[in-house]
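# Examining the three-dimensional arrangement
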Amino acid sequence: MASVSVQEDDFDIGEEIQKLRNGRTDVGAVVTFTGTVRDVGGTLQSMTLEHYPGMTEAELERISLEAEQRWPLQGSRVIHRYGTLEPGDNIVLVVTLSKHRHAAFDAAMFLMDFLKSNAPFWKKEQTGETASWVDARETDETALKRWQD
Amino acid sequence: MIIKYFSWIREGVGKNEEDIGLPDGVSTVSNLLDHLCEKSAEHSRVLKERVFVRVAVNQTHVDHDHPVTDGDEVAIFPPVTGG
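Overview of the structure. (Residues numbered from 1 in each chain as written. Chains lettered and ligands numbered in written order. Predicted model: local features only at pLDDT ≥ 70, side-chain atom pairs only at ≥ 80, totals over all residues. Heavy atoms only, no water.)

What follows covers the interface of chain B and chain A. The interface is formed by 19 residues belonging to chain B together with 26 residues belonging to chain A. Both faces combined, the contact of chain B with chain A buries some 1,800 Å², and carbon together with sulfur accounts for 55% of it. On the chain B side of the contact with chain A, Q59(B), T81(B) and G83(B) bury the most area, a combined 36% of that side's loss. Between the two partners, chain B and chain A, sit 2 salt bridges. We note a salt bridge from R10(B) to E50(A), for which the minimum N-O separation is 2.5 Å. Viewed at the interface, chain A and chain B are joined by 15 residue pairs in polar contact (both at pLDDT 80 or more). For the side of chain B that touches chain A, the secondary structure elements donating two or more residues are α1 (7-13), β4 (60-62) and β5 (73-77) of chain B. (Contact = heavy atoms within 4.5 Å. Buried area = accessible area lost by both parts, 1.4 Å probe. Salt bridge = Lys/Arg side-chain N within 4 Å of Asp/Glu carboxyl O. Polar contact = N/O pair within 3.5 Å; in protein donor to acceptor, adjacent residues only side chain to side chain. Helix = DSSP H or I, 4+ residues; strand = E, 2+ residues; numbered from the N terminus.)

Written out as structure tokens, the structure reads:
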């Protein structure tokens, strides 16, 4: 039921929802989260995402299975891009399907929180002549802790 | 064992991966990191601050006290920043 992809190509949110629903009518809630390349100061030229092929897919599958064990989901989809992206480009998509909204919302947030702290991706930002690796945020670790009880 | 490096640790070491035999006296991730720090100044510069060093053994996140054996795929990288 869980489906994960790690790809260079962009994704189409509508298409992914349609594929996940696959014509079924017992779904009551579809939640999507899309993460995009942010350029707050107007100086970011591009962002390059490096990942660990093999482990990335394995880790996203582990996280998706964990979400399915915690909530009554009718389907889930995680797509994470790698390679060089520009401001405004899509980075990550999470879709969750459930009969009721709470499970779909919570599972989507759980998937993103775990992905941020566990999926082996590293972002490098190019601004002008300077390329620098993005620092990990402590708030991501804090976000993870709320699911650990 | 195969050792893979990612992100600024990969850049600091100057290689994507290296194949080394299990050194004498190395039985944990922590021992392995100590051994690698002795290999070169480049290794030492990016691996000595252990708080920034994350490790996966056979594609699973592990703590630094996790055992390592010859034939393991060990990946060394900074905290992840995807999503």
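After presenting the structure, the write-up continues.
Residues and elements named next belong to chain A. Counted under the stated rule, the structure contains 13 salt bridges over all chains. Residue E16 is joined to K19 by a salt bridge in which the shortest nitrogen-to-oxygen separation is 3.5 Å. Of this pair, E16 and K19 both sit in helix α1 (residues 13-21), 3 residues apart, which is roughly one turn of the helix. Judged by its relative accessible area of 7%, E16 falls in the buried class. Using a relative accessible area of 52% as the deciding quantity, one classes K19 as exposed. (Buried < 20%, exposed > 50% of the residue type's maximum accessible area, 1.4 Å probe, protein only.)

This part covers the environment of A58(A). Examined against the element boundaries, A58(A) turns out to sit in helix α2 (residues 55-70). With 19 residues separating them along the chain, A58(A) and D39(A) place their C-alpha atoms 30 Å apart.

A few words now on the environment of I9(B). All names here are of chain B. Looking at the element boundaries, I9 is found in helix α1. Sequence-wise, I9 and E42 are 33 residues apart; in three dimensions their C-alpha atoms are separated by 9.5 Å. With near-sequence residues (within four places) excluded, I9 lies in contact with V46, L47, F52, V53, I76, F77 and P78.

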